[in-house]
Amino acid sequence: MGLKYSRRFLALVFIVVFANFHGLNYAEKAPKYSFIQEATSAPEVSFYDYIVIGGGTAGCPLAATLSTRDAKVLVLERGGSPYTNTTKIRMENFISTLTDDSPNSISQSFISEDRVPGNRARVLGGGTVINGGFYSRAETLFLKEAGIDEALANESYEWVEKKIVYKPRAFQWQTAVRNGLLEVGVLPDNGFTFAHLNGTKTSGTLFDKNGNRHTAADLLEYANPTMIKVYLHAVVHKITFTTKDGQRPKADGVIFYDANGGRHIAYSKHESNNRSEIILSAGAIGSPQLLMLSGIGPAARLRSLGIKVVLDQPMVGREMADKPSNGLLIPYPTHIPLSLITVVGINKISNYFESFNGFDLSDLSGSGGAQPQSSNPSQEAMANSTTNQAFLVQTIFGPISKGYLELQNTNVSDNPKLRFNYFQAAVDLRRCVSGMQTIINVVNSDSLSRFRFRNMTTQDLINMTVNRAANLRPRNPNATTSLEQYCIDTVMTFWHYHGGCQIRKVVDRDYKVLGLDQLRVIDASTFSFSPGTNPQATIMMLGRSMGRRILQSRRR
Ligand code: FAD
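Here the structure is a predicted model, which means the values were calculated and not measured.

So, the overall build of the protein chain
Within the protein chain, the regular secondary structure consists of 16 helices and 26 strands. Counting every position in the protein chain, which comprises 556 residues, the buried fraction comes to 61%. Long-range pairs, those at least 24 residues apart, make up 74% of the contacts in the protein chain with a sequence separation of at least 6. A total accessible area of about 21600 Å² is found for the protein chain, and carbon and sulfur atoms account for 51% of it.

Structure (structure tokens):
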């Protein structure tokens, strides 16, 4: 009896440990996170060794790592918890989350000056809570550029993968695209791998086999609960600095507001050995925006908004970039299960081919639905069911084209002005045209033939996509006949924004802000190009790697 009882007990312990380790049950996870609280419960004044602004893709692994030694860590996240409504973040709700424009939405939408709608995360876990979930590591070139040691990067990737990355199911549509890419010569077949390799592969996903999403917030399970505090709905307005005569300004505190409008200030401890720090991980848009609001940026522009200049740094907000994405909408005659990206093709000139199906893209247009102006009603009828369609898309390495981010006002909750200048560089446009030719070949491949309406040509698909692409750009009359014009007119975001606080321009190779003390930026804003085919793997790896490097320097 005793033996029977203890076996049952052991089995129960095993199930609980296993479920927690794999993050199988969100409902059970929440109580464990007793260190995650509403900012309304924060003291008016507090002191920490490390203050991480933004509990996103980089911020969560960074803070979890920093908390594992003798340091007290604070994370300030403007959004709420991803665990309160886990249905909302399931795969099938990918688009509906992005189109939720309510004030408490976990996605904040914007329209860039390029007239392309985009989204930024507003939730603990950041972009990993609202994104497509596709997980793929970066090319080695990126590690050199980012100054990250390869062994440390590999260990950090594994640390992330062990917790939140899954081998995807073989979705019908993804398998067809995979075969199509191989058929048209995006070779070799690299099977299933996280590595960035030329050819076609299946890679990881944040969705488990039940379609539940796992996120960077789950990486906080690695944290030492006694050394970390995470405040939700904690909107950081400003970083404060001490500026003693003749010395460089030193970041020493963070002013944030809770959901009731209560003001709080958290100070970094600034012990005699100066090991305390403030780390900005507010994302590609949030980090340059907050630097500027704190007085670090182009002096004349800051002064014109009444912001006291701490450091004239014209490169903050410069060279913002976003990978352009273009593709073809492919309506199919029968229902097939929806899928987000699990397959990618990488060709020799670094076009990246990916696809998803079963979603209505027109909802993303930013105009309450694009207005198709079809010249051929019968084809329009064939494409009637907007979810019986796939989008086969290509993005490009880089990109080389750069834009900027500028403050429009001093309200941190408003979007700054953003321009990405898609295709300003001729090489980006050439890559797009070449990638579109490959997409047309894939659509015409045998592998995809059974998913096509027989009498619908690729020219029909081009015409349809010109009408439905999710942007607000004008359509040139030759957009359906010139692939250059097609790329320019139908460009969409793939949400891979980066730049604005780049290495060597705004931060050094330790991610410390140039010209200041005790302040780093660690997130996608530091990139000069978007790593890999999709960046989230590398952003989480960066958070973990930098956490380890900072702890090492703390020990010295
Ligand atoms: P974030 O993860 O955005 O983190 C920034 C955090 O800071 C956020 O949580 C934000 O709320 C918080 N914050 C900002 N300002 C403040 C403030 N003032 N006070 C307090 N907190 C603040 N990548 C992939 O690899 N695969 C994909 O399939 C994929 N699909 C995508 C689909 C969508 C719709 C989107 C939006 C992105 C996608 N990406 C994908 C890109 C990837 O998710 C992002 O590049 C990445 O998450 C950005 O990480 P980050 O740490 O730089 O910023």
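Here's the deal with unusual backbone geometry
Here the residue pair leucine 187 and proline 188 is connected by a cis peptide bond, since its omega of 5° sits within 30 degrees of zero. For proline 188, the position within the fold is in the loop between helix H8 (172-183) and strand E8 (189-192). Here the residue pair glycine 398 and proline 399 is connected by a cis peptide bond, since its omega of -5° sits within 30 degrees of zero. Secondary-structure assignment places proline 399 in the loop between strand E22 (389-396) and strand E23 (403-406). Unlike most non-glycine residues, arginine 115 shows phi in positive territory, near 65°. Its place among the elements puts arginine 115 in the loop between strand E5 (107-111) and strand E6 (117-121).

A closer look at the packing of aromatic side chains
Inspection of the entire model under this criterion finds 21 aromatic pairs. Ring plane angle 70° and centroid distance 5.6 Å describe the contact between phenylalanine 192 and phenylalanine 194, whose orientation is recorded as edge-to-face. Looking at phenylalanine 192, the relative accessible area reads 34%, which means it is partly exposed. Seen from their ring centres, phenylalanine 494 and tryptophan 495 are 6.2 Å apart, and the 25° between their planes marks the pair as stacked. On the accessibility criterion, phenylalanine 494 (6% relative accessible area) is buried. Looking at tryptophan 495, the relative accessible area reads 25%, which means it is partly exposed. One residue, lysine 72, lies across the ring of tyrosine 48, its end atom 4.8 Å from the ring centre.

Side note on the environment of glutamine 172
With respect to the helices and strands, glutamine 172 occurs in helix H8. Assessed through its relative accessible area of 34%, glutamine 172 is described here as partly exposed. C-alpha of glutamine 172 to C-alpha of proline 337: the two residues are 165 residues apart in sequence and 7.3 Å apart in space.

Focus on the pairing of E23
For a regular strand, side-chain orientation follows a simple rule: the groups alternate between the two sheet faces. Here strand E18 (residues 318-320) pairs with E23 via 2 bridges, running antiparallel. For methionine 320, the partnering residue across the bridge sits in E23 and is glycine 403. Pairing analysis gives 3 bridges linking E23 to strand E24 (residues 417-419), with the strands arranged antiparallel. When the sheet's bridge partners are listed, leucine 405 is paired in E24 with leucine 418.

Observations concerning the nonpolar core
The biggest cluster of nonpolar side chains holds 163 residues, and the ones touching the most others in it are Leu220 and Leu519. Two domains each provide a minimum of three residues to this core, namely domain 1 (34-165 + 213-321 + 402-422 + 500-555) and domain 2 (169-202 + 324-366 + 374-397 + 423-490). Beyond its immediate stretch of four places on either side in the chain, leucine 220 contacts Tyr33, Phe35, Ile36, Cys60, Ala64, Leu124, Ile228 and Val230.

Notes on the sheet that holds E8
Spatial ordering of the open sheet is given by E8-E9-E20-E21-E22-E19-E25, a layout of 7 strands whose pairing is mixed. Because the sheet does not close on itself, it has two edges, and the strands there are E8 and strand E25 (492-493). Helix H12 (residues 426-443) contacts strand E19 (324-331), strand E21 (351-357) and E22 of the sheet and is inclined by roughly 145° relative to E22.

Section: the site of the ligand
The full set close to the ligand counts 37 residues, and Thr57, Glu77, Gly127, Phe134 and Gln536 are the nearest of them. Between the ligand and arginine 78 there is a distance of 3.0 Å, counted from an oxygen atom to a side-chain nitrogen or oxygen. Alanine 121 is positioned with one of its backbone polar atoms (N or O) 3.3 Å from an oxygen atom of the ligand. Calculation on the ligand without its partners gives an accessible area of 1000 Å², and the protein chains cover 95% of this total.

Concerning the pattern of salt bridges
Per the counting criterion, the structure on display carries 16 salt bridges. Between aspartate 517 and arginine 248 there is a salt bridge whose closest N-O contact spans 3.2 Å. With aspartate 517 in the loop between E25 and strand E26 (519-521) and arginine 248 in the loop between strand E12 (235-242) and strand E13 (250-257), this residue pair connects regions lying 269 residues apart in the sequence. Residue classification places aspartate 517 among the partly exposed positions, given a relative accessible area of 26%. Taking the relative accessible area as the measure of exposure, arginine 248 reaches 43% and is therefore partly exposed. A single salt-bridge network, built from bridges that share partners, covers Asp49, Asp70, Lys269 and Arg554.

Concerning the layout of surface pockets
Its volume calculated, the largest pocket comes out at about 500 Å³. Residue lining of the largest pocket: 26 residues in total, with Gly79, Pro103, Asn104, Arg122 and His233 positioned closest to the centre. In the lining of the largest pocket, the residues fall into 10 nonpolar, 11 polar and 5 charged.

About the thresholds
- Residues numbered from 1 in each chain as written.
- Predicted model: local features only at pLDDT ≥ 70, side-chain atom pairs only at ≥ 80, totals over all residues.
- Heavy atoms only, no water.
- Helix = DSSP H or I, 4+ residues; strand = E, 2+ residues; numbered from the N terminus.
- Buried < 20%, exposed > 50% of the residue type's maximum accessible area, 1.4 Å probe, protein only.
- Contact = heavy atoms within 4.5 Å.
- Areas by Shrake-Rupley, 256 points an atom, 1.4 Å probe, with all protein chains shown as cover.
- Phe/Tyr/Trp six-rings, centres within 6.5 Å; stacked < 30°, edge-to-face > 60°.
- Lys NZ or Arg CZ within 6 Å of the ring centre and 35° of its normal.
- Pairing = 2+ DSSP bridges.
- Core = buried A, V, L, I, M, F, W, Y, C linked by side-chain atoms within 4.5 Å.
- Domains from an automatic or database assignment.
- Axes fitted to C-alpha atoms, helices over the stretch in contact; angles between N-to-C directions.
- Near = heavy atom within 4 Å.
- Polar contact = N/O pair within 3.5 Å; in protein donor to acceptor, adjacent residues only side chain to side chain.
- Salt bridge = Lys/Arg side-chain N within 4 Å of Asp/Glu carboxyl O.
- 1 Å grid on protein atoms, 1.4 Å probe; cavity = no way out; pocket = protein on both sides within 12 Å on 5 of 7 lines; lining within 4 Å.
- Points joined across faces, edges and corners; volume = space filled by probe spheres on them.
- Nonpolar A, V, L, I, M, F, W, Y, C, P; charged D, E, K, R; others polar.

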